[in-house]
Amino acid sequence: MKIIFFGAPGAGKGTQAEIVSEKLSIPAISTGAIIREAIKNSTEMGKSAQSYIEKGALVPDKVVIGIIKDRLAEKDCENGFILDGFPRTVPQAEALTEMGVEIDVVLNLEVPDERIIARMSGRRVCPACGASYHVIYKPSAKEGICDKCGSELSIRKDDDPEVVKSRLEVYHSETEPLKEYYSKKGILKIVEGQEELADTTALTLAALGIK
Ligand code: ADP
Ligand code: ZN
C-alpha cells in the first residue's frame, strides 16, 4: 500500500505513520527527518536547508523532490511506503505523479491549531535516533532520555512558539490546498485527531482498513 499522511505540523502524523509502518512492514519516510539528519551531518543539502527549517519555512520543492526521488528508488519501497510530510505543496504532489507513483490513500489527520500549539511546546526529540516524544501525551520511560537508544532528548528549534505560528501559516497557505487536490482524485480520508494517541491510532487503522 502507498500511503500519504497529511496534516498540520505537530498533528501527530509521524507517530501514526510509525505505527502503521510496523503493522504493514513498509517504511515510513519523513522528509523532515531526512533533512534534519542531513543538517546534523553537515551535508551540502543539509547546509542549504537549515535556514529554511529554522525559520519554519518550507525547503524549496526542488530539494525535497530530489530527496523523495532517491528514497523511493530504494529496495525497501518496493512493496509500498508511507510518506510523512511529503508532498507539502501542489508542485510536490504533481512531481510524485510525474514519477509514476500511484498513491492508494491520503490520510488527513485533522487537529485544530490551538491544540497543535499546545502540543508542540511539549514535544521532545532524540537527536541520535530521531524518535519523538511528548512530555504529556507520549512521555519517555525516563524523563529526558530516549527509550530506544538512551540518548538525551532535545527540543527542536522549530518548535519554538513563534516558529510554530509561522509553520501553521505556511501549512494553511501552501499545504492545505492539497486536500482539495486529493479529494478530487477520490483518495482523501479524514481522521479527526483525538486526545488520546491510541484513539487516533484506532481511527487511523480503521480508515486504512487495517485490522
Ligand atoms: P512537522 O510535520 O512537525 O512540521 P517535519 O519533520 O515534517 O515536521 O518537517 C520539519 C520541517 O522540514 C518543515 O517545517 C520544513 O521546513 C521541512 N520540510 C519537511 N518536509 C518538507 C517538504 N515536503 N517540503 C518542504 N519542506 C519540508
Ligand atoms: Zn534515540
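Summarised in this report is the structure supplied together with it. (Residues numbered from 1 in each chain as written. Chains lettered and ligands numbered in written order. Predicted model: local features only at pLDDT ≥ 70, side-chain atom pairs only at ≥ 80, totals over all residues. Heavy atoms only, no water.)

### So, the site of ligand 1
Part 1: For ligand 1, the set of nearby residues contains 20 residues, the closest of which are Thr31, Ala57, Gly85, Arg88 and Arg167.
Part 2: Take threonine 31: an N or O atom from its side chain is 2.7 Å from a nitrogen atom of ligand 1.
Part 3: At 3.3 Å from an oxygen atom of ligand 1 is found a side-chain nitrogen or oxygen belonging to arginine 156.
Part 4: Isolated, ligand 1 exposes 540 Å² of accessible area, and the fraction of that covered by the protein chains is 96%.
Part 5: Among the elements that line the shell around ligand 1, the one with the most residues is helix α2 (residues 31–40), at 4 residues. (Near = heavy atom within 4 Å. Polar contact = N/O pair within 3.5 Å; in protein donor to acceptor, adjacent residues only side chain to side chain. Areas by Shrake-Rupley, 256 points an atom, 1.4 Å probe, with all protein chains shown as cover. Helix = DSSP H or I, 4+ residues; strand = E, 2+ residues; numbered from the N terminus.)

### Focus on the sheet that holds strand β1 (residues 2–7)
In any sheet, the strands associate via hydrogen bonds between backbone groups, in a parallel or an antiparallel arrangement.
Part 1: Strand order in the open sheet formed by 5 strands is β2-β3-β1-β4-β7, with parallel pairing between adjacent strands. The two strands at the open ends of the sheet, each matched to only one other strand, are β2 (28–30) and β7 (188–192). Each strand axis lies, on average, 25 degrees off the axis of its neighbour in the sheet, ignoring direction.
Part 2: Of the strand pairs in this sheet, strand β4 (residues 105–110) and β7 are connected by 5 bridges, and their pairing is parallel. Opposite valine 106, over in β7, you have leucine 188 as the bridge partner.
Part 3: Helix-sheet contacts for helix α1 (residues 13–24) involve β1, β2, β3 (81–84) and β4, and the interaxial angle to β1 is about 165 degrees.
Part 4: Contacting β2 and β3, α2 crosses the sheet at an angle of about 55 degrees to β2. (Pairing = 2+ DSSP bridges. Axes fitted to C-alpha atoms, helices over the stretch in contact; angles between N-to-C directions. Contact = heavy atoms within 4.5 Å.)

### Some remarks on the packing of aromatic side chains
Part 1: Summed over the entire model, instances satisfying the criterion amount to 2 aromatic pairs.
Part 2: Judged by centre distance (6.2 Å) and plane angle (50 degrees), the rings of phenylalanine 6 and tyrosine 171 are tilted. Of the two residues, phenylalanine 6 sits in strand β1 while tyrosine 171 sits in helix α7 (residues 161–175), which places them 165 residues apart along the sequence. For the pair formed by phenylalanine 6 and tyrosine 171, the shared burial category is buried.
Part 3: The cationic tip of lysine 55 hangs over the ring face of tyrosine 52; the distance from NZ or CZ to the ring centre is 5.7 Å.
Part 4: In this structure, lysine 138 packs its charged tip against the face of tyrosine 133, placed 5.7 Å from the ring centre. (Phe/Tyr/Trp six-rings, centres within 6.5 Å; stacked < 30°, edge-to-face > 60°. Buried < 20%, exposed > 50% of the residue type's maximum accessible area, 1.4 Å probe, protein only. Lys NZ or Arg CZ within 6 Å of the ring centre and 35° of its normal.)

### Quick notes on the coordination of the zinc ion (ligand 2)
Part 1: Those donors, Cys126 (SG), Cys129 (SG), Cys146 (SG) and Cys149 (SG), are the protein atoms that reach the zinc ion (ligand 2), and they lie 2.3 to 2.4 Å from it.
Part 2: In the primary sequence, the donor residues of the zinc ion (ligand 2) line up as C-x2-C-x16-C-x2-C. (Donors = N, O, S within 2.8 Å, 3.2 Å for Na, K, Ca; no water.)

### Topic: α1
Three- or four-residue spacings in an α-helix give side chains the same orientation, since the helix completes a turn every 3.6 residues.
Part 1: Under the 1.5 Å per step criterion, the end-to-end length of α1 is 16 Å for 12 residues, consistent within 8% with the ideal 16 Å.
Part 2: Of the surrounding elements, those touching the buried residues of α1 are β1, β2, β3, β4, β6 (132–134) and α9 (197–207).
Part 3: Following α1 by one or two positions, serine 25 has its phi on the positive side, about 50 degrees. (Expected span 1.5 Å × (residues − 1).)

### Side note on the nonpolar core
Among soluble globular proteins, nonpolar side chains are generally buried collectively.
Part 1: Leu72, Leu83, Leu96 and Tyr182 are the most contacted members of the largest nonpolar core, which totals 35 residues.
Part 2: Residue contributions to this core peak at 5 residues, all from helix α4 (residues 61–72).
Part 3: Each residue touching leucine 72, except ones within four places of it in the same chain, is listed here: Ile29, Cys77, Phe81, Leu83, Leu96 and Val101.
Part 4: In terms of nonpolar packing, the next biggest core, distinct from the first, is built from 14 residues, Ile3, Ala17, Leu205 and Ala207 among them. (Core = buried A, V, L, I, M, F, W, Y, C linked by side-chain atoms within 4.5 Å.)

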